[in-house]
Amino acid sequence: MDNLLSRLEEVFRLVFDDDALVLRDDMSAKDVEDWDSLQHINLVIAVEKRFSIRFATAEISRLKEPGQNIGSFRRLLEEKLTAKA
Amino acid sequence: MTSEAVETELLLSYQQSDAGSRAGLFPAFLSNLKSLSRGGEVEEAAAWARRAVSLDLDYSSLVSLKKLLAVGHSAQRKKAVRLAVLGGPTTIQLVELLRIFLEGAGVAADIYEAEYGLFRQEVLTPGSGLDRFQPQIVFVATSSRDVARFPDAAMSDGGVEQLAQDELADWLRLWEVVHSRWGASVIQNSFDISPWRVMGHFSLRHKASRESFLEQMNHRFAANAPPYVAFHDIGSLTLEYGAREWFDPRFYLEAKMPCGPQCLVPYAHSVASIVMAISGKSRKVLVLDLDNTLWGGVVGDVGVEGIQLGQGSGEGEAFLQFQQYAKSLRERGILLAVCSKNEDHFARQPFEQRPDMVLKLSDFSCFLANWRNKADNLREIAERLELGIDSFVFADDNPAERALVRRLVPEVAVPDMPPDPAGYVQAVARHRFFETVSWTKEDASRAQYYELNARRKEIAAEATDLDSFLASLDMKARVEPVNRLNIERVTQLVNKSNQFNLTTRRRTVAEVDAIGSNPDWITLTISLNDKLGDNGLISILFSRKEGNTHVIDTWVMSCRVLQRGVEQLALNELVARCRAHGCSELKGVYIPTERNGMVRELLSSLGFAAAGNDGDTTLWTLSVRDQYSPWSTHIQVEKPDGQPS
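Residues numbered from 1 in each chain as written. Chains lettered and ligands numbered in written order. Predicted model: local features only at pLDDT ≥ 70, side-chain atom pairs only at ≥ 80, totals over all residues. Heavy atoms only, no water.

**Student:** What am I meant to see in the overall build of chain B here?
**Tutor:** Scanning chain B for helices and strands turns up 28 helices and 17 strands. Taking all contacts inside chain B whose residues are at least 6 apart in sequence as the whole, residues at least 24 apart take part in 71%. Of the roughly 27400 Å² of accessible surface on chain B, a fraction of 50% belongs to carbon and sulfur atoms. With 70 positive and 83 negative side-chain charges, chain B shows a spacing of 3 Å between the two charge centroids. (Helix = DSSP H or I, 4+ residues; strand = E, 2+ residues; numbered from the N terminus. Contact = heavy atoms within 4.5 Å. Areas by Shrake-Rupley, 256 points an atom, 1.4 Å probe, with all protein chains shown as cover. Lys, Arg positive; Asp, Glu negative; His and termini not counted. Charge placed at Lys NZ, Arg CZ, Asp CG, Glu CD.)

**Student:** Looking at this model, I keep getting lost on the layout of surface pockets. Mind explaining?
**Tutor:** In this approach a probe as big as a water molecule rolls over the atoms, and the regions it shows empty are the leftover space. One number sums up the size of the second largest pocket: a volume of about 670 Å³. Surrounding the second largest pocket, 24 residues form its lining, A:Glu10, A:Leu14, B:Phe26, B:Pro27 and B:Ser61 being those nearest its centre. At the level of elements, helix H1 (3–15) and helix H2 (37–51) of chain A together with helix H2 (19–38) and helix H4 (59–64) of chain B are the ones that each hand at least two residues to the lining of the second largest pocket. Examining the composition of the lining of the second largest pocket, we find that 8 residues originate from one element, H2(B), more than from any other. Taken together, the residues that form the lining of the second largest pocket break down as 10 nonpolar, 4 polar and 10 charged. (1 Å grid on protein atoms, 1.4 Å probe; cavity = no way out; pocket = protein on both sides within 12 Å on 5 of 7 lines; lining within 4 Å. Points joined across faces, edges and corners; volume = space filled by probe spheres on them. Nonpolar A, V, L, I, M, F, W, Y, C, P; charged D, E, K, R; others polar.)

**Student:** Can you help me understand the sheet that holds strand E5 (residues 229–232) of chain B in this one?
**Tutor:** Sheet strands associate in pairs through backbone hydrogen bonding, adopting either a parallel or an antiparallel arrangement. All names here are of chain B. Spatial strand order, E2-E1-E3-E4-E5: 5 strands in an open sheet with parallel pairing. Each end of this open sheet is capped by a strand with a single partner; those strands are strand E2 (109–113) and E5. For this sheet the average axis-to-axis angle between neighbouring strands, irrespective of direction, equals 20°. Relative to strand E4 (residues 185–189), strand E3 (residues 137–141) runs parallel, the two sharing 4 bridges. Within E4, the residue paired with Val-138 across the bridge is Val-186. (Pairing = 2+ DSSP bridges. Axes fitted to C-alpha atoms, helices over the stretch in contact; angles between N-to-C directions.)

**Student:** Quick question: what am I supposed to make of the packing of aromatic side chains here?
**Tutor:** The geometry of an aromatic ring pair is captured by two quantities: the separation of the ring centres and the angle between the planes. Residue and element names in this part refer to chain B. A complete count under the given rule lists 27 aromatic pairs over all chains for this structure. Plain terms: the ring middles of Phe-191 and Phe-221 are 5.2 Å apart, the flat faces sit at 50° to each other, and that makes the pair tilted. Here Phe-221 lies in helix H11 (residues 210–224) and Phe-191 lies in the loop between E4 and H11, a separation of 30 residues in the sequence. For the ring pair Phe-322 and Tyr-325, a centre distance of 6.5 Å and an interplane angle of 25° mean the geometry is stacked. Here the residue Phe-322 and the residue Tyr-325 both occupy positions in helix H17 (residues 314–331), the gap between them amounting to 3 residues, near one helical turn. Residues Phe-322 and Tyr-325 agree in their burial class; the two are buried. In textbook terms, an aromatic cluster arises when at least three aromatic residues are bridged by ring pairs, as seen for Phe-119, Trp-171, Trp-175, Phe-191, Phe-221 and Phe-231. (Phe/Tyr/Trp six-rings, centres within 6.5 Å; stacked < 30°, edge-to-face > 60°. Buried < 20%, exposed > 50% of the residue type's maximum accessible area, 1.4 Å probe, protein only.)

**Student:** How do you make sense of empty space enclosed by the protein when you look at a structure like this?
**Tutor:** Residue and element names in this part refer to chain B. Counted by the stated rule, this structure contains 2 cavities of 30 Å³ or more. For the second largest cavity, the calculated volume is near 40 Å³. Taken together, Pro-89, Ala-141, Thr-142, Ser-143, Asn-189, Asp-192, Ile-234, Trp-246, Pro-258 and Tyr-267 make up the full set of residues lining the second largest cavity. Taken together, the residues that form the lining of the second largest cavity break down as 6 nonpolar, 3 polar and 1 charged.

**Student:** How do you make sense of the pairing of strand E10 (residues 475–480) of chain B when you look at a structure like this?
**Tutor:** Two faces belong to every sheet, and in a regular strand the side chains alternate between them. Residue and element names in this part refer to chain B. Note: E10 against strand E17 (residues 635–638), 4 bridges, orientation parallel. Each residue of the ladder has a partner; that of Arg-478, found in E17, is Glu-638. Summarising the sheet, E10 and strand E11 (residues 521–530) pair through 5 bridges and their orientation is antiparallel. Bridge pairing in E11 places Ala-477 opposite Leu-528.

The following block contains the structure:
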């Protein structure tokens, strides 16, 4: 499994309190139970902390927008990590 | 039910480690607690989770403990403090964390959260959700965005002054309504002030600038807020965690969050520490190790001249700074004690022989230097000081000692200490262990009382019997009702006393005020001084008239004046006043808690007859007709103006 995806999965498991949660690129917000606006903010805060990155204001809610999924989120994260390195 | 293997050693290892090592252990710690909880050990899992709640955990990890923590004993729930959070910005994340920190501190809380931005409506509208909730504490979680008026850049100084007064009047009214309608205490945020000044450095000289106006408002708040308002110092958070983090605007813009995500945890922690201060749960004692904590090196090895201390080296000055910090705490009334692995005479030498030591032996209320383990020594210190060990903070440079204490006495707070002594002050101060919502002269001299007590014990040892000892103290008491001058101290004592406390009923300033002005109530306060010094106001009695009976509602006394005759004196004074009220009977009730076992037999020892019980609560009665003969004591009662009666 892709290393970044598995690290992301750890964060999701912590935030959604679900040790069995398995992340796939084609998943979106509606596929995960309890993914409401509070949990979304919790998720973004957790990802920023875990990967020591900052999302731009417009990127904070992007993952909840139509057409977005874990795959696009992961690519955004990759870009940020590359820019940081 | 399938039993999963829970690794207790891993849980202990998490509990006893410093934050750096804990971070790596957290996932395993959490999954073990979940197994424990699934296996039916819900309470035990909650206890581990409570001990894990820490300023050092990040937001997501703290929130992941939420479910485990949400296990309250029903008895605890009944006593839960009703806390309302009224946000300017959103408070969702803040409330989650507040709940977690309070759970961690063992404070059960019912929390009411208002819709963000509606704090004025909630307070001012009768029948609002807040009104129905009947809060005991109202946290007004506002920011500088909630200031209603700002001056125009060209406004005259006089105009700014008027505007500031008008703005202040609105807030005063808000607090007044909270207080008069529900008798609640208020926690009011100070305004956060951006460091990006519109007029640059000149902003602070121009009264009409935004930043200058906010500074003025904060000063006015601090100067004008009544005693029931605790003023939460947002400025200290922006300083400590940095304005760039605090004012990170992204999450305000997207979700109306009050501060940057990195500041949520310290923000909630800081508010929780004030709630704990209001609930009388702040810590009271700082226990210090010696070698490499108060000076560099091991005094037993290098001798009193060889220890590193003070001028001449940066590191030596760092130890002095830490001593200065401890000294300042002691001067405001926090007790200091020593717990050191040392020969006693070596341990004392630096204090006796080095003039450059800031701390003196007389600054310590208890000094234990020996070779026993530190957990036992801490318990011993708690016994000698007659204070709960859960009011202790322990500072030690040695990670092994910290681990031992965290493992064996988890009630003691043991902050991580960095390898560099330059970081010691921050390492302790960042935890806000010693918050207080009031400060009186008695606080300043509290540490002294304990020293005096130690001297009294010496005298007691010399005196051939207790009677002659008490007579030798030349004690004088002042007995007064609750009044404007003592109401803060009275409220503080009512809320802080745990051991000598017959009913453990907590009261706000407003409630005490209402009792004091109700003619059906008797209020007694006793201040005691003796030839060794002034003990201050040390005992309080409230009693309520019911027909021809008086019922003792509250009786608290500071433990440092136990067995001096104050209890007997208090009863004599109460009986005299009951008779003046035309009552023939005095009733008392003892409500047991984990902490007040020492007064279980108080009423019986004072001649009350048992009158049944209600569960663990015991009822007592005493006739106050002619057959009551006053107890004799060695305390002379003075009239309030200082003349003996």
